[in-house]
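Examination of the molecular architecture
So the chains spell out like this:
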Amino acid sequence: MTQSDNKPVVGFIGLGLMGQPMCRNLLKAGFALVVHDHRREAADELIQLGATWAPTPSALAQQCDVMFSCLPGVAEIEAVALGADGLASGARPGLIVVDMSTINPNAARTIGAELAARDIDFLDAPVSGGEIGAINAALTIMVGGQPAVFEKVRPLFEKMGKSITLIGDIGAGQVAKACNQILTGVGVAA
C-alpha cells in the first residue's frame, strides 16, 4: 500500500515518551500513519493530527508498508510481532518491521529470523537522544539489517533523526547502542 504520492503507509506501535514525538514528525512530513498502543488513549492526540487507529497489531500490519515499534522490552516486541493477533499474522509479504527499542542483540536476531521465515523484512534500529532528540527529529539511529531494506526505510529515518547509520546485519544496531550506553556511562562517571 502506498499513498497517492508514492509515500509508504507507515505503522507505529508504542506511543509513549519516544513514540509520540516520532509519530508527530512522520505526520508533519506528510506520511499516512496507522497507530496502535495497548492504551487506546495514548493515540488520541495523534488521531486528532491525522493518524488512523488500528485495534490490533495484526490490523495495523494489514494496512502498512513499513511498521515501527518502540517498546519497553523483548517480551513486548515478541508479543506484538509474533504473538496471537501480532504483526506477522496480518502482514503481507514484503512488510518491513523496524524495531526502535533497545534490546539484546540476540533477541533482535531471533525476531528477525522468525519474521524472515514469514517473508517479512526486519531492521533493529535503537535510538539515542532521548525525548528531546525525538521531539526535535534529532535522534541518532543505529541500524542493523540488510542494506536494501535500510535504503527503503532511510527517508522515514530522516524524518526522525539526524545521524542515521547502517552498522551491519540484524543485531548490529543493538551492539552499537550498547557501546553507546557504555561510553555515555563512562563519560558520566568521569
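In short, a report on the structure. Since the model is a prediction, treat every value here as computed from it, not as a measurement. (Residues numbered from 1 in each chain as written. Predicted model: local features only at pLDDT ≥ 70, side-chain atom pairs only at ≥ 80, totals over all residues. Heavy atoms only, no water.)

1. Some words on the pairing of strand S4 (residues 66-69)
The alternating pattern of S4 places Val66 and Phe68 and Met67 and Ser69 on opposite faces, both of which are buried. Sheet topology note: the S4/strand S5 (residues 96-99) ladder contains four bridges and is parallel. Residue pairing in the sheet places Val66 in a bridge with Ile96 of S5. (Buried < 20%, exposed > 50% of the residue type's maximum accessible area, 1.4 Å probe, protein only. Helix = DSSP H or I, 4+ residues; strand = E, 2+ residues; numbered from the N terminus. Pairing = 2+ DSSP bridges.)

2. A closer look at the side chain of Ser69
Among the structural elements, Ser69 can be located in strand S4. Residues within four places of Ser69 in sequence aside, it is in contact with Ile13, Val98, Asp99, Met100 and Ser101. (Contact = heavy atoms within 4.5 Å.)

3. With respect to the pattern of salt bridges
Following the criterion strictly, the structure yields five salt bridges and no others. For Asp44, the salt bridge is made with Arg40, and the minimal N-O distance between the two is 2.9 Å. On the accessibility criterion, Arg40 (38% relative accessible area) is partly exposed. The closest approach of N and O atoms between Asp65 and Arg92, which form a salt bridge, is 3.3 Å. In this pair, Asp65 is assigned in the loop between helix H3 (57-63) and S4 and Arg92 in the loop between helix H5 (87-90) and S5, connecting sequence segments 27 residues apart. With relative accessibility at 30%, the residue Arg92 sits in the partly exposed group. (Salt bridge = Lys/Arg side-chain N within 4 Å of Asp/Glu carboxyl O.)

4. What to know about helix H8 (residues 147-157)
Within H8, burial applies to Val149, Phe150, Val153, Leu156 and Phe157. Down the axis of H8, the buried side of the element spans an arc of 95 degrees, and every buried residue falls inside it. Opposite its buried face, H8 presents the exposed residues Ala148 and Lys152, each directed more than 90 degrees away. (Arc of directions from axis to C-beta.)

5. Examining the environment of Ala134
Take Ala134: it is sitting in helix H7 (residues 130-135). Separated by 76 residues in sequence, Ala134 and Ser58 place their C-alpha atoms 26 Å apart. Each residue touching Ala134, except ones within four places of it in the same chain, is listed here: Met18, Pro21, Met22, Asn25 and Leu139.

It is worth stressing that arrangement in space is one thing and function is another; only the former is reported here.
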